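Chain and residue survey
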Number of protein chains: 2
Amino acid sequence: MPEPLLGTAEPGGVPGAAREAVPEEAPRRRLTGRQAATVGSLVEAAVAELREHGYDGLTVRNVARRAGVAPATAYTYFGSKDHLVTEVFWRRLRALPDPAPGPGDSLAARAVAALRDVVLLVADEPALARACTAAMLTSEPDVRHLRERIGGWIHRRLAHALGPAAAPGVLGALELAYTGAMVQAGMGHLTYERMADRLTEAAELICGGTA
Amino acid sequence: MPEPLLGTAEPGGVPGAAREAVPEEAPRRRLTGRQAATVGSLVEAAVAELREHGYDGLTVRNVARRAGVAPATAYTYFGSKDHLVTEVFWRRLRALPDPAPGPGDSLAARAVAALRDVVLLVADEPALARACTAAMLTSEPDVRHLRERIGGWIHRRLAHALGPAAAPGVLGALELAYTGAMVQAGMGHLTYERMADRLTEAAELICGGTA
DNA sequence: CTACTTTCCGGACAGGTGTCCAGTGAGGGA
DNA sequence: TCCCTCACTGGACACCTGTCCGGAAAGTAG
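Scoring rules and cut-offs
- Numbers given to residues run from 1 along each chain, matching the order in which its sequence is written.
- Chain labels run from A onward and ligand labels from 1 onward, assigned in the order the entries are written.
- Only residues with pLDDT of 70 or above have their local features reported here, since the model is predicted, and side-chain atom pairs are shown and tallied only from 80 upward, although totals for entire chains, interfaces and linings are computed over all residues.
- Where side-chain values are given, they derive from all heavy atoms of the structure, hydrogens and water being excluded.
- One heavy atom suffices: a residue is near a molecule or strand as soon as one of its heavy atoms comes within 4 Å of it.
- Nitrogen and oxygen atoms within 3.5 Å of one another constitute a polar contact, given that in protein one can donate a hydrogen and the other can accept it, and given that sequence-neighbouring residues count only through two side-chain atoms.
- In this text, helices come from DSSP runs of H or I with a minimum length of four residues, and strands from runs of E with a minimum of two, each type numbered from the N-terminal end.
- In this count, Pro and Cys sit with the nonpolar residues alongside Ala, Val, Leu, Ile, Met, Phe, Trp and Tyr, while Asp, Glu, Lys and Arg are called charged and the others, Gly among them, polar.
- Should any heavy atoms of two residues lie within 4.5 Å, those residues are counted as being in contact.
- Buried surface area refers to the total accessible area, computed with a probe of radius 1.4 Å, that the two partners give up upon joining, counted for both partners together.
- Salt bridge, as used here, is a side-chain nitrogen of Lys or Arg placed within 4 Å of a carboxyl oxygen of Asp or Glu.
- UniProt positions are given in the numbering used here, feature names are shortened, and annotations may be inferred rather than shown by experiment.
- Here an angle of 0 to 180 degrees is reported between the N-to-C directions of two axes, which are lines fitted to C-alpha atoms, with helices fitted over the stretch in contact.
- Angle categories: roughly parallel below 35 degrees, roughly antiparallel above 145, roughly perpendicular from 65 to 115, and oblique for all the rest.
- Each helix crossing is assigned a hand: it is left-handed if the near helix lies turned anticlockwise from the far helix by less than a right angle, otherwise right-handed if that turn is clockwise.

Observations regarding the protein's contact with DNA strand C
Near DNA strand C, the surroundings consist of 22 residues, among which Thr38, Ala70, Thr73 and Tyr77 of chain A together with Arg61 of chain B are the closest. Here, DNA strand C places atoms within 4 Å of the protein, and 68% of those atoms are sugar or phosphate. Take Thr73 of chain A: an N or O atom from its side chain is 2.7 Å from a phosphate oxygen of DNA strand C. Within the backbone of Lys81 of chain B, one N or O atom sits 3.2 Å away from a phosphate oxygen of DNA strand C. Elements represented by at least two residues in the surface near DNA strand C include exactly α1 (33-57) and α3 (71-77) of chain A together with α2 (60-67) and α3 (71-77) of chain B. Here the surface near DNA strand C is composed, by residue class, of 9 nonpolar, 8 polar and 5 charged.

Concerning the environment of Leu50 of chain B
Relative to the helices and strands, Leu50 of chain B resides in helix α1 (residues 33-57). Here the alpha-carbon distance between Leu50 of chain B and Ala37 of chain B, two residues 13 residues apart in the chain, equals 20 Å.

Details of the protein's contact with DNA strand D
Every one of the 20 residues lining DNA strand D counts as a neighbour, but Arg61 of chain A together with Thr38, Ala70, Thr73 and Tyr77 of chain B are closest to it. In the interface set of DNA strand D, defined as its atoms within 4 Å of the protein, sugar plus phosphate atoms amount to 66%. A distance of 3.4 Å separates a phosphate oxygen of DNA strand D from a polar side-chain atom of Glu140 of chain A. Here a phosphate oxygen of DNA strand D sits 2.3 Å away from a polar atom, N or O, in the side chain of Tyr77 of chain B. Taken together, the elements giving at least two residues each to the surface near DNA strand D come down to α2 (60-66) and α3 of chain A together with α1 and α3 of chain B. Classifying every residue of the surface near DNA strand D gives 9 nonpolar, 6 polar and 5 charged.

Some points on the interface of chain A and chain B
Taken together, the contact between chain A and chain B spans 31 residues of the former and 31 residues of the latter. Between chain A and chain B, a total of about 2400 Å² is buried, with carbon and sulfur atoms accounting for 63% of that surface. When the buried area of chain A at its contact with chain B is split by residue, Leu176, Met187 and Leu205 of chain A rank highest and sum to 27% of it. Along the contact surface separating chain A from chain B lie 0 salt bridges. Those elements giving two or more residues to the side of chain A that touches chain B turn out to be α6 (126-136), α7 (141-162), α8 (168-186) and α9 (192-208) of chain A.

Some details on the UniProt feature "domain: HTH tetR-type" (unreviewed entry) in chain A
UniProt records the feature "domain: HTH tetR-type" (unreviewed entry) for residues 36-96 of chain A in the present numbering. The annotated region residues 36-96 of chain A carries 82% helix and 0% strand content, and the separation between its end C-alpha atoms amounts to 20 Å.

Topic: the packing of helix α5 (residues 107-120) of chain B against helix α7 (residues 141-162) of chain B
Residues and elements named next belong to chain B. Interhelical geometry of α5 versus α7 gives an angle of 150 degrees and a closest axis separation of 8 Å. Considering the angle they form, α5 stands roughly antiparallel to α7. Considering only the axes of α5 and α7, their crossing is right-handed. For the pair formed by α5 and α7, the contact residues are Leu107, Arg110, Ala111, Ala113, Ala114, Leu115, Asp117 and Val118 on the first element and Trp153, Ile154, Arg157, Leu158, Ala161 and Leu162 on the second.

Rendered as structure tokens:
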């Protein structure tokens, strides 16, 4: 895997520095306009393909064809099929607004506000949601890296919602419940809506004693 | 997929009833002695292969070779690689003893007793554990079916441990936390031991208000 | 307009997956 | 004893994955 160049663009990507003697941890240069357009069309095509054929039916080659791009080009930016669909999820996450402030809310209410949107983010597109869940659980390094970003993002979102006063165990417990909810929903036992309710209930139990 | 004959033998498989108009849901006849030996050796070989090469390095053909069996034979019993390694986990689960009674214990203590063993079941073989986690999250019908069995098994174990008096939401929340713990541990953020501690903490929070 | 770099193409490649099927051989029943 | 069933064989198949590489094409100078 020759370091898929997709650093999920973010300020701070060293432009020309940090060369040499560091085979791993790629330079992660930013994407030029054309490159960004290419990965954008790849992501869009992946979403379309996912809607039509689901995760198992998705093929990197088909996504590339749909995006009007050669397969090898797709593999330039995404190290694997799973990396591609994880990126779909990650982009949706980042588009999510911050949880409503609600300063007077209880701890549980704040936790719910932070988590519920995330679960419902893809609720109306189960095929897409299940695909993302499946892809995110892979062991490829690219996916792993993105997953850690996502995990960190959620951790910060939750921590920020709870405020500094919350007991540390509460945060961990909520993250456990959140992960469980996403995975169980991805497996189709319950709809995402019902799972969001269940997660809400769990959050209230977890925060209950600490009010 | 021509119905892998592995019904994970269990009494109660309707013998001749419920026929017709149901192409799915195979007859699920039991395995003969020789068949059982074959699948047994396949499972053993899978474990060995998993220990040596991990999930990604495991090949159905290699497992078959190791078990002294033709690849096609392996596919007769297991519809996929993931089905095979999920079966590994399922067999270990079933070998687990019932949680210690402890009649005077708190709700949280009983929940922990029921869940902790399950998390620690494969704790000393991380490669194996991660493989099982990865395999179980697949969408193949065979895996799905086995997964539902496993989910039901855990549900009953938990429900039995908590007793009939426990609030229904508590059970759901614990299941969420358990799933989250297994998945997160499978991803290697924390060791299984530490994750078991975290799950314990979550269980106490969840049961705390309901004591 | 030319030279050079970066991006992308297209196609071949080595593996793995799951499927299929004609055929072999050992065990059980008549 | 013969035969027949059924588990298993072995190898070919279609398809997908991720990798590699020579060369076309698009941009950016000079």
